[in-house]
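# Geometric and topological summary
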Amino acid sequence: MRRKIIAGNWKMNLKLSEAKQIALGLRNLSTPNHIDVMVFPSASHLLSVSEILEGSKVKVGAQNAYPSSLTAMTGEISPDQLEEIGIQLILVGHSERRQFLGESNEICNQKIKYFLSRGIQVVYCVGETLAERESNQTFSVLSEQIKKGLFGVPSDQFKHLVIAYEPVWAIGTGKVASPEQAEEAHAYIRKEISSLFVGAQTIAESIQILYGGSVKPDNIASLLSKPNIDGGLVGGASQKLDSFLGLIK
Ligand code: 13P
């Protein structure tokens, strides 16, 4: 059985004091054994948050990193530097980075291959825009994001990969995909992964696929009741301690 994941993407929204406060509230969390909890603080908060959460059940990840060891690359962060502070989890391909910072499927692919080759866990985000959904391109967009983003990833490295389906029209809009819409997309993503190479069927069955986009404590249960939805990647509702705890509950 696939484990469930509740992941909080704090984006660029919190001040350090707020991030630390949520981390303190999560530190002594006792979750059922089949649930993993992750948080993705801003880069400048990673050290403080990971110190607070050290030894807890909550895994801390970076919202972004550059696919290289230490080198001259102004403004970027290397996994070497993340590993120094105990971080081995990175988000790739979030729609905000795709839309506003030019993170293409090709760039995602470079990052995914590099991070996975180092044994770092990756949460790879995919999802269509409203215009793409309305012009019946949802499946072709997802297919391209999966095929190009995961091109050349060796089969033995998929164990460190998690997918997040985040329809762009549902992010921060309050418009959540219906459990049926999300389930349909998740099942499609699983099918695309199974067709990546011969033998990918088992990988497709075991890979965790999270849903993201206006997930709240009051809609998460209906989403997670669907067979192909293995958890949530949550923005707004993870940025307040009480609603984050509500999601986990
Ligand atoms: P919201 O939960 O605020 O819609 O954000 C979703 C998201 O982008 C998580 O990565």
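It should be emphasised that the depicted structure is a prediction, and the values quoted were computed from it without experimental measurement.

Attention now goes to the overall build of the protein chain. Regarding its fold elements, the protein chain presents eleven helices and eight strands. Projected onto its principal axes, the C-alpha coordinates of the protein chain cover approximately 45 × 45 × 35 Å. Buried residues in the protein chain amount to 53% of all 249 residues. A separation of at least 24 residues holds for 71% of the contacts in the protein chain among residues at least 6 apart in sequence. Within the protein chain, the 25 negative side-chain charges are centred at a point lying 3 Å from the centre of the 25 positive side-chain charges.

Before going further, it helps to spend a moment on the pairing of strand 6 (residues 161-165). Where burial is concerned, most of strand 6 is hidden: five out of the five residues are buried. Two strands pair when backbone bridges link them, and strand 5 (residues 121-126) and strand 6 are joined in this way by five bridges, in the parallel orientation. The partner of Cys125 across the bridge, within strand 6, is Ala164.

All right, on to the pattern of salt bridges then. Under the counting rule described, the total for this entry stands at 14 salt bridges. Note that Arg118 is salt-bridged to Glu83, the shortest N-O span being 2.8 Å. Of this pair, Arg118 sits in the loop between helix 5 (105-117) and strand 5 while Glu83 is found in helix 3 (residues 79-84), placing the two residues 35 residues apart along the sequence. One salt bridge connects Lys147 with Glu192, and the closest N-O pair in it is separated by 3.0 Å. A residue pair is termed long-range when its members are at least 10 positions apart, and Lys147 in helix 7 (residues 138-149) and Glu192 in helix 8 (residues 179-194) qualify at 45 residues. Look at Lys147 and you get partly exposed, because its relative accessible area is 39%. When its relative accessible area of 5% is taken as the criterion, Glu192 is described as buried. Among the ionic contacts, a cluster of salt bridges with common partners joins Arg2, Arg190 and Asp230.

This part is about the nonpolar core. The biggest cluster of nonpolar side chains holds 61 residues, and the ones touching the most others in it are Leu26, Ile112, Tyr124, Leu150, Leu161, Ile163 and Phe244. Considering every element that reaches this core, the biggest residue donor is helix 8, with five residues. Leaving out residues up to four positions away in the same chain, Tyr124 has contacts with Val92, Arg98, Asn105, Cys108, Ile112, Gln145, Gly149, Leu150, Leu161, Val162, Ile163 and Ala164. One finds Ala7, Phe40, Val162 and Leu210 within the second-largest nonpolar core, a separate group that totals twelve residues.

On to the UniProt feature "active site" (unreviewed entry) in the protein chain. When the UniProt feature table is mapped onto this chain, "active site" (unreviewed entry) is found at His94 and Glu166. In sequence the annotated residues extend across 73 residues, while in space they remain close, none of their C-alpha pairs exceeding 8.3 Å. As for the lining of the largest cavity, the annotated residues named previously contribute Glu166. Look past the residues within four positions of His94 in its chain and what remains in contact with it is Asn9, Lys11, Cys125, Glu166 and Ile171.

Tallied over the entire structure, the rule returns one cavity of 30 Å³ or more. Volume-wise, the largest cavity comes out at about 40 Å³. Considering the residues around the largest cavity, the lining is formed by Gly93, Ser95, Arg98, Cys125, Val126, Gly127, Glu166, Val168 and Ile171. Counting residues per element, the ones that place at least two in the lining of the largest cavity are helix 4 (95-101) and strand 5. Broken down by class, the residue content of the lining of the largest cavity amounts to four nonpolar, three polar and two charged.

So, on to the side chain of Asp230. Checked against the element boundaries, Asp230 lands in the loop between helix 10 (220-224) and strand 8 (231-234). At 2.8 Å, the side chain of Asp230 and the side chain of Arg2 are in polar contact. Within polar-contact distance, the side chain of Asp230 engages the side chain of Arg190 at 2.9 Å.

Procedures and definitions
- Residues numbered from 1 in each chain as written.
- Predicted model: local features only at pLDDT ≥ 70, side-chain atom pairs only at ≥ 80, totals over all residues.
- Heavy atoms only, no water.
- Helix = DSSP H or I, 4+ residues; strand = E, 2+ residues; numbered from the N terminus.
- Buried < 20%, exposed > 50% of the residue type's maximum accessible area, 1.4 Å probe, protein only.
- Contact = heavy atoms within 4.5 Å.
- Lys, Arg positive; Asp, Glu negative; His and termini not counted.
- Charge placed at Lys NZ, Arg CZ, Asp CG, Glu CD.
- Pairing = 2+ DSSP bridges.
- Salt bridge = Lys/Arg side-chain N within 4 Å of Asp/Glu carboxyl O.
- Core = buried A, V, L, I, M, F, W, Y, C linked by side-chain atoms within 4.5 Å.
- UniProt positions renumbered as here; feature names shortened; annotations may be inferred.
- 1 Å grid on protein atoms, 1.4 Å probe; cavity = no way out; pocket = protein on both sides within 12 Å on 5 of 7 lines; lining within 4 Å.
- Points joined across faces, edges and corners; volume = space filled by probe spheres on them.
- Nonpolar A, V, L, I, M, F, W, Y, C, P; charged D, E, K, R; others polar.
- Polar contact = N/O pair within 3.5 Å; in protein donor to acceptor, adjacent residues only side chain to side chain.

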